[in-house]
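Commentary on secondary and tertiary structure
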Amino acid sequence: MNYVQNTKSRLGSTTRLIMICSYVMSHSSLPLKVGAALIAIASPLFPSLHAQDAASELTGPDSVTSQLAADNKDKPDLLGVNLQKGLAEWKAGVKERTGLDFGIDYFSLGLAATDSLGDSTAASGVFRVYGTWELFNQGKENNGSLVFKVEHRHAYTGVAPAAFAGELGYAGLTSVGFSDQGWRATHLFWQQRFAEGRGISYIGFLDTTDYADVYSLASPWTGFTNIAFQNGSGAMGGIPDGALGAMVGGFLTDNLYLVGSIADANGDPTDLGDGFDSLFNDFETFKTLEFGWASKREEVFLNNAHVTLWQIDERNRAGTPDGWGISASMTTSTDSGFMPFLRGGWADDGGSLYEASISTGFGYTRNPGQSMLGLGLNWNRPNSTTYGANLSDQYSLELFQQLQLTEGLEITPSVQVIKNPALNPTDDWSAFFGLRLRVAL
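About the cut-offs
Residues numbered from 1 in each chain as written. Predicted model: local features only at pLDDT ≥ 70, side-chain atom pairs only at ≥ 80, totals over all residues. Heavy atoms only, no water. Helix = DSSP H or I, 4+ residues; strand = E, 2+ residues; numbered from the N terminus. Buried < 20%, exposed > 50% of the residue type's maximum accessible area, 1.4 Å probe, protein only. Contact = heavy atoms within 4.5 Å. Areas by Shrake-Rupley, 256 points an atom, 1.4 Å probe, with all protein chains shown as cover. 1 Å grid on protein atoms, 1.4 Å probe; cavity = no way out; pocket = protein on both sides within 12 Å on 5 of 7 lines; lining within 4 Å. Points joined across faces, edges and corners; volume = space filled by probe spheres on them. Pairing = 2+ DSSP bridges. Phe/Tyr/Trp six-rings, centres within 6.5 Å; stacked < 30°, edge-to-face > 60°. pLDDT = per-residue confidence, 0-100. Salt bridge = Lys/Arg side-chain N within 4 Å of Asp/Glu carboxyl O.

1. Examining the overall build of the protein
Assigned secondary structure in the protein consists of eight helices and 16 strands. Counting across all 441 residues of the protein, residues that qualify as buried make up 53%. Taking the intrachain contacts of the protein between residues at least 6 apart in sequence as the baseline, contacts between residues at least 24 apart amount to 66%. If you sum the accessible surface of the protein, you get close to 18300 Å²; carbon and sulfur atoms cover 60% of it.

2. Notes on the layout of surface pockets
In this structure, the largest pocket encloses a volume near 1400 Å³. Contributing to the lining of the largest pocket are 40 residues, with Pro61, Ala70, Lys73, Ser216 and Leu302 lying nearest its centre. Broken down by secondary-structure element, the contributors of at least two residues to the lining of the largest pocket are helix H3 (54-57), helix H4 (64-71), strand S11 (338-349), strand S13 (371-382) and strand S14 (394-406). Ranked by residue count, the leading element in the lining of the largest pocket is H4, at five residues.

3. Focus on the pairing of strand S10 (residues 323-331)
Of the two faces of S10, the one holding Gly323, Gly325, Ser327, Ser329 and Thr331 is buried and the one holding Trp324, Ile326, Ala328 and Met330 is not buried anywhere. Note: S10 against S11, nine bridges, orientation antiparallel. Bridge assignment links Ser329 to a residue of S11, and that residue is Arg343. Adjacent in sequence and paired antiparallel, S10 and S11 are bridged by six residues, among which Gly337 carries a positive phi angle near 105°.

4. With respect to unusual backbone geometry
At Ala195, a residue that is not glycine, the phi angle is positive and equals roughly 55°. Within the secondary structure, Ala195 sits in the loop between strand S4 (182-194) and strand S5 (199-207). Overall, the relative accessible area of 23% leaves Ala195 in the partly exposed class. Phi at Ser233 is positive, roughly 55°, even though this residue is not glycine. Within the secondary structure, Ser233 sits in the loop between S5 and strand S6 (241-251). Taking relative accessible area as the criterion, Ser233 reaches 0% and is therefore assigned buried.

5. Things to note about the packing of aromatic side chains
Summed over all chains, the structure comprises 20 aromatic pairs. An angle of 90° between the planes, with centres 6.5 Å apart, marks the rings of Phe127 and Trp183 as edge-to-face. Here Trp183 lies in strand S4 and Phe127 lies in strand S2 (residues 121-136), a separation of 56 residues in the sequence. You can call Phe127 partly exposed: its relative accessible area is 29%. Residue classification places Trp183 among the exposed residues on the basis of a relative accessible area of 54%. On the basis of an interplanar angle of 20° and a centroid distance of 6.2 Å, the ring pair of Phe286 and Trp310 is categorised as stacked. Remark: Trp310 occurs in strand S9 (residues 304-312) and Phe286 occurs in strand S8 (residues 285-294); sequence separation between them is 24 residues. Phe286 sits in the buried class, given a relative accessible area of 0%. Residue Trp310 is classed as buried on the basis of its relative accessible area, which comes to 2%.

6. Here's the deal with the environment of Ser219
Counting through the fold element by element, Ser219 comes out in the loop between S5 and S6. With 157 residues separating them in the primary sequence, Ser219 and Asp62 have C-alpha atoms 5.8 Å apart. Not counting chain neighbours up to four residues away, the residues in contact with Ser219 comprise Pro61, Asp62 and Phe224.

7. Remarks on the confidence of the model for the protein
Scored by pLDDT, the protein comes out at a mean of 87, with 87% of its residues at no less than 70. Counting contacts from residues 1-52, a segment whose pLDDT is below 50, to residues more than four positions away or on other chains yields 66 contacts.

8. Here we look at the pattern of salt bridges
Counted by the stated rule, this structure contains 13 salt bridges. A salt bridge links Asp241 to Arg184; the nearest nitrogen and oxygen atoms lie 3.1 Å apart. In this pair, Asp241 sits in strand S6 while Arg184 sits in strand S4, placing the two residues 57 residues apart along the sequence. Given the relative accessible area of 17%, Asp241 is considered buried. Ionic pairing is found between Arg317 and Asp274, a salt bridge with its closest N-O pair at 2.9 Å. Within this pair, whereas Arg317 is found in the loop between S9 and S10, its partner Asp274 is found in the loop between strand S7 (256-264) and helix H7 (275-282), the two being separated by 43 residues in sequence.

Okay, here's the thing in structure tokens:
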């Protein structure tokens with residue numbers, strides 16, 4: 001295919017996506033009002049600064065842009081082996097010629113408990129293909145890109161790690177993401193930068209965990225796996241991914257930022273075709289508004305304080321009530337390599353796992369990119385509406401050690417200890433060990 005045909009193909013893809021975006025906005029006034037209001041508030045306040053990459057600054061470690069940025073960095077791995085050098089150079093050439101930046105990886109996670117109510121082991125794998133395709137204003141500040149992530153999640157055992165909490169009698173999720181869902185599209189949206197690259201907007205099928213109440217250790221793929229140490233500290237109801245919606249955000253000053261979003265609360269990443277019908281017929285939505293401070297825009301989630309408000313409508317399909325809540329987070333990093341955090345959340349129903357949750361701990365690294373030690377402690381109160389009873393408070397500890405063995409091989413052993421697992425009538429304590437593996441191309 002010659003250059004003209006390539007250009008027509010790329011323009012055709014852009015046109016189709018713009019038509020979809022127009023359909024979304026024309027059939028729902030609320031996303032348009034939310035986006036327009038946030039842009040109207042933020043745009044006059046953006047200072048005249050050198051352009052920054054708001055996409056990577058305002059999204060957490062799970063986002064496609066953040067993952068690609070991490071993949072493209074040379075890592076000081078423990079063994080000093082880089083088998084991907086030739087492939088990385090080829091991918092860099094593809095990106096320069098076409099605007100397409102992509103990655104492929106595979107995860108495995110195995111868990112083994114000292115005691116349980118049912119199965120004492122769980123294991124699964126996740127295959128992922130993800131990337132960004134810069135189709136508008138390539139190489140410019142106000143560029144536009146198609147962002148995608150396709151996954152296949154599969155269990156090796158009868159119980160996947162995502163369901164392992166039930167085997168232990170723990171109210172919550174001891175592991176996020178490692179399920180048995182099969183093929184799913186977690187991301188498929190248009191990313192548009194504006195205000196000389198200082199603002200960012202998404203429209204399409206989004207993962208809310210990319211931008212709502214994130215911090216540097218909030219990734220089940222690279223950091224903590226227990227939901228108590230992730231978005232909302234477990235006290236955020238019905239967090240959707242692969243859901244049709246829109247997000248807009250940006251820095252109001254050098255240090256202050258604002259992010260708002262709305263998404264289909266019934267989003268199903270295994271069936272994107274149902275997304276339009278689900279949103280426009282049911283219009284049961286999940287909404288967030290976050291206001292935050294960062295010491296540096298380039299390290300926004302390392303030295304950060306923010307407050308996140310969320311609201312979710314009643315969901316007839318899921319049989320959950322409406323609700324709302326608030327999450328707050330403070331994180332910092334020190335020259336010695338410590339990254340302490342204090343986070344918490346409170347929910348007024350909405351199908352959340354917890355009515356209230358507080359987490360604290362730290363990450364520690366002497367050589368960023370080579371290893372990361374993480375320790376977290378959590379207290380939570382299970383949501384009686386979700387679990388159908390007034391349950392006792394739970395306490396949990398998670399310790400992990402991430403090790404970058406080679407440029408493309410990473411392992412993370414971990415241990416979790418739970419006190420008072422609320423759904424376990426016989427044991428006051430539960431403990432299990434985990435081993436996570438990532439192979440990246």
